[in-house]
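Analysis of the macromolecular model
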Amino acid sequence: MESLDLSNPTVLAAIAAVAALIVVGIIIGLVRGRKPKELPREPPPPPPEALAEEHPKIEVEARAEPTQPIQLEDLVPPAPPPPAPPADLGAFRSGLKSTRGNLISRLAVVFRRDRELDVSILDEVEEVLITADVGVHTTQRILEALRTQMNEGQLSSAADAWEAIREEARSILASSGQGLAIDQSPTVILVVGVNGVGKTTTIGKLASRFDRQGKTLLLGAGDTFRAAAVTQLEVWGRRVGCEVVKGKDRADPGSVIFDTIEKAKAEGIDIVIADTAGRLHTKVPLMDELTKLGRTVEKALGRPADHVLLVLDATTGQNAIQQTQLFKDALPLSGIVLTKLDGTAKGGVILGIVDQHQVPIEFIGVGEKVEDLKPFGAEAFLQALFESPEALEPSEDTSSAN
Ligand SMILES: Nc1nc2c(ncn2[C@@H]2O[C@H](COP(=O)(O)OP(=O)(O)OP(=O)(O)O)[C@@H](O)[C@H]2O)c(=O)[nH]1
Ligand SMILES: [Mg+2]
């Protein structure tokens, strides 16, 4: 075997190349054989849903071979729309403007923001509620609720006490504003109340409301005390386009209402609304006459009147609470219409009437125009009356207006 000529540069270069190859091979072997060092790992990519939450615009791809890209809306239910403001809130706001000045603004002064809550505040609340015609009975109920919650440590701020009063009002009014069921043909509505409270006007406004709902109507001129009362009802009848049944001058109201119901039955009329007198020309007390009228309706209809609406004038304040008692003793009242809330500061009387007599408010009158009769809505009433946060700001004018 021929020996290598180490002086030959070609041979030397070949040996160097082989040696270099061997060294590289050894290094690679060493590196592969070593346990790999733990390197900090990148976090796994977030699931598509998480990406979608961070970036709502990103379309989420389904993992398993989607045919259609899934939209975010498919995964996240849409947010509920904000609650709509109660119907007729504007009318309640303007109708209760003076009451807010009398009741709420004065309460706001009692509950001024920086004031410490202690039992001495109750005397001031009592004075405001009483003078705002809420009535003794209901004032005591509200004070009792405040006292109990204070003693139990549930009220820590003026805003809490404010909310407690509002809650008590809400619970008093819970049964009001359910609406009049019109599910009999004819449905008979008897309208009662002392003279001048707005009975005939309310009948006209109600008739117009039902007419717009497509109901057929017949009005009964049961107030035979004044000839003008019949004429007034006839004017409304013409305006609405419905007939009015009337008797002779000073006729027996019962006979007029009997005839009205008979006619409505014969003609398939949807609704009978009967007017009544607020005072009488006979020696018979009004309440006895009304009780008798209730029996007459029952005789003609085969059942008691479907609705007996007591009309009360809000400007009479406490008197309205007493009137409710008198009429309640004469007839089973199904609801109250509180008129003339516009321009009176005595709207707080609503709470007293409903709380003391457990008769619901069904409509309020906030003006003389036909559209000024509004179905009572407890939420609209509370919102318009207790509107916050400005309701908590003491009002400049806290004088009691009427
Ligand atoms: N401002 C205002 N006035 C009203 C409202 N409701 C009725 N009135 C007015 O009150 C007055 C008396 O209304 P009427 O409907 O005649 O009262 P009534 O109870 O039928 O009276 P009598 O037939 O005498 O018993 C009228 O001038 C009406 O326009 C109301 O909600 N607001
Ligand atoms: Mg009248």
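Rules of the game
Residues numbered from 1 in each chain as written. Chains lettered and ligands numbered in written order. Predicted model: local features only at pLDDT ≥ 70, side-chain atom pairs only at ≥ 80, totals over all residues. Heavy atoms only, no water. Helix = DSSP H or I, 4+ residues; strand = E, 2+ residues; numbered from the N terminus. Areas by Shrake-Rupley, 256 points an atom, 1.4 Å probe, with all protein chains shown as cover. Buried < 20%, exposed > 50% of the residue type's maximum accessible area, 1.4 Å probe, protein only. Contact = heavy atoms within 4.5 Å. Pairing = 2+ DSSP bridges. Expected span 1.5 Å × (residues − 1). Arc of directions from axis to C-beta. Lys, Arg positive; Asp, Glu negative; His and termini not counted. Salt bridge = Lys/Arg side-chain N within 4 Å of Asp/Glu carboxyl O. Polar contact = N/O pair within 3.5 Å; in protein donor to acceptor, adjacent residues only side chain to side chain. Near = heavy atom within 4 Å.

With that settled, consider the overall build of the chain. In terms of regular secondary structure, the chain is built from 15 helices and eight strands. Roughly 21,700 Å² of accessible area belongs to the chain as shown, and the carbon and sulfur atoms make up 55% of that amount.

Now for helix α15 (residues 378-386). Counting buried positions over the nine residues of α15 gives seven, a clear majority of the element. Along α15, the residues classified as buried are Ala378, Ala380, Phe381, Leu382, Ala384, Leu385 and Phe386. Elements that come into contact with the buried residues of α15 comprise α4 (89-95), α5 (97-110), α8 (158-172) and α14 (349-357).

In this section: the pairing of strand β5 (residues 307-313). Counting buried positions along β5 yields seven of seven residues, so the element is predominantly enclosed. Here β5 shows two buried faces, one formed by His307, Leu309, Val311 and Asp313 and the other by Val308, Leu310 and Leu312. Pairing between strand β1 (residues 187-192) and β5: four bridges, direction parallel. Residue pairing across strands places Val192 opposite Leu310, the latter belonging to β5. Pairing of β5 with strand β6 (residues 335-339), which is carried by five bridges, proceeds in the parallel orientation.

Moving on, we get to the pairing of strand β2 (residues 217-222). For a regular strand, the rule is simple: side chains alternate between the two faces of the sheet. In terms of burial, β2 is a largely internal element, six of the six residues being buried. Residues of β2 alternate between two faces, with Leu217, Leu219 and Ala221 on one and Leu218, Gly220 and Gly222 on the opposite face, all of them buried. In this sheet, strand β4 (residues 271-276) lies alongside β2 in parallel orientation, the contact comprising six bridges. Bridge pairing links Leu219 to Ile273 in β4. As defined by bridge partners, β2 adjoins strand β3 (residues 243-245) across three bridges and the pair is classed as parallel.

For helix α12 (residues 286-301), built from 16 residues, the straight-helix expectation of 22 Å at 1.5 Å per residue is met to within 8% by its first-to-last C-alpha distance of 22 Å. Within α12, burial applies to Leu286, Met287, Glu289, Leu290, Leu293, Gly294, Thr296, Val297, Ala300 and Leu301. Viewed end-on, α12 has its buried residues packed into an arc of 165°, placing them on one side of the element. Exposed side of α12, more than 90 degrees from the buried face: Arg295 and Lys299 are the residues found there. On its buried face, α12 sits against β1, α11 (253-267), β4 and α13 (318-330). With its phi angle positive at about 85°, Gly302 sits one or two positions after the end of α12.

Before going further, it helps to examine the side chain of Asp223. Mapped onto the elements, Asp223 comes out in the loop between β2 and α10 (227-240). Arg226 provides the closest opposite charge to the buried, unpaired Asp223, separated from it by 4.5 Å. Only 3.1 Å separates the side chain of Asp223 from the backbone nitrogen of Phe225, close enough to count as a polar contact. Discounting chain neighbours no more than four positions away, the residues touching Asp223 are Ala229, Val230, Asp275, Thr276 and Ala277.

Here we take up the site of ligand 1. Ligand 1 sits among 20 residues. The nearest are Lys199, Thr200, Thr201, Asp342 and Glu368. Asp223 is positioned with one of its side-chain polar atoms (N or O) 3.5 Å from an oxygen atom of ligand 1. In the model, an oxygen atom of ligand 1 is placed 3.3 Å from a nitrogen or oxygen of the Gly365 main chain. The protein chains hide 82% of the 660 Å² of surface that ligand 1 would expose on its own.

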